[in-house]
Structures are given as C-alpha cells and as structure tokens.
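Understanding the architecture of this molecule
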Amino acid sequence: MNQKVFTPKAPAAIGPYSQAVLAGNMLFCSGMIPVDPETNALVENDIKVQSKQIMSNIDNLLKEAGYSVDDVVKTTCFLADIKDFAAFNEIYGEYFTSKPARSCVAAKDLPKGALVEVEVIAVK
C-alpha cells in the first residue's frame, strides 16, 4: 500500500496531489516550487534564492519520509528561462553532491510565476 507523505516544513500542495508518495522503498516527490512554507508566498524573484528555497523544501520533505538527499536517484528540473541554467546549476551542485540522474528543461510557464521547479525520486 502506498503512503502519502506530508510535512508543514514544505509548501502544501496547490492542487489535487500529495507532496510525496512512498511506494515500497521508493519516494516520489511532487515538483517543488520556491514557496516559503511559513508564509505560503513565493520567495524573491531571483534564480539562486528560489533554487535555495526549493532545496530546503526538498530536504525537509525527504527528512519527513526518513530519506536524505543522498538517497535521491533522479531529479527533473524545470526552468522558466534556460538562461538561468548556470546559476541554477551552482545551487543544485552544492546540494546534490551525490550527482543523481537528472533532466533539466525550459518550461514556458511554471506555477505561481516561479523561475524554477524541481521534482525528485529517492530510493533506499
């Protein structure tokens, strides 16, 4: 049976989905946008600031499920502007030191006008 994972230390879902779902030894985290879970507002309109907020949100969600960043095996990253690729990679690389598999694409629009969104899959 699949288990829904929720933490108030990451943004609540803004639609009919879960923050994450634990299926066996795999954790599937929904896309995180740079929302401060305390204010429920998008953080400063800067790619590095937004990327750091997302990494914090992901870290909190992983911890809630009993996982760590080192358990992440795949990420999918969406950028509102591919010109932010280098700046995003700088923050991403500081966080994902285990270098999981990754896709990173430009998306025309992201929820709430975010500059970046990241989803992860973790395995124990």
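Everything that follows concerns the structure shown earlier in this document.
1. Here's the deal with unusual backbone geometry
The residue Lys-99 is not glycine, and still its phi comes out positive at about 55°. Residue Lys-99 is classed as exposed on the basis of its relative accessible area, which comes to 72%.

2. Notes on the pattern of salt bridges
In the structure shown here, the tally under the stated rule is three salt bridges. Residue Lys-48 is joined to Glu-90 by a salt bridge in which the shortest nitrogen-to-oxygen separation is 3.0 Å. With Lys-48 in helix H1 (residues 47–64) and Glu-90 in helix H2 (residues 85–95), the pair connects residues that are 42 residues apart, well separated along the chain. Judged by its relative accessible area of 31%, Lys-48 falls in the partly exposed class. Here Lys-63 makes a salt bridge to Asp-59, at a shortest N to O gap of 3.1 Å. Of this pair, Lys-63 and Asp-59 both sit in helix H1, four residues apart, roughly one helical turn. Using a relative accessible area of 55% as the deciding quantity, one classes Lys-63 as exposed.

3. Some thoughts on the sheet that holds strand S8 (residues 116–123)
Sheet architecture is open: six strands sit in the order S1-S2-S3-S8-S6-S7, paired in mixed fashion. A single partner strand is all that each edge strand has here, and the edge strands are strand S1 (3–5) and strand S7 (101–106). Sheet twist, expressed as the average angle between the axes of neighbouring strands with direction ignored, equals 15°. Sheet topology places strand S6 (residues 72–79) next to S8; seven bridges connect them, and they run antiparallel. Bridged to Phe-78 within S8 is Glu-117. Each of S1, strand S2 (20–23), strand S3 (26–32), S6 and S8 touches H1; the most contacted strand, S8, lies at about 25° to it. Together, S6, S7 and S8 form the strand contacts of H2, whose direction differs from that of S7 by roughly 150°.

4. Topic: the pairing of S6
Two elements, S6 and S7, share six bridges in a ladder whose sense is parallel. Considered in S7, the bridge of Lys-74 is made with Ala-101. Each parallel crossover has a hand, and for S6 linked through H2 to S7 it is right-handed.

Thresholds applied
- Residues numbered from 1 in each chain as written.
- Predicted model: local features only at pLDDT ≥ 70, side-chain atom pairs only at ≥ 80, totals over all residues.
- Heavy atoms only, no water.
- Buried < 20%, exposed > 50% of the residue type's maximum accessible area, 1.4 Å probe, protein only.
- Salt bridge = Lys/Arg side-chain N within 4 Å of Asp/Glu carboxyl O.
- Helix = DSSP H or I, 4+ residues; strand = E, 2+ residues; numbered from the N terminus.
- Pairing = 2+ DSSP bridges.
- Axes fitted to C-alpha atoms, helices over the stretch in contact; angles between N-to-C directions.
- Contact = heavy atoms within 4.5 Å.
- Right-handed = clockwise from strand over helix to strand, strands pointing away.

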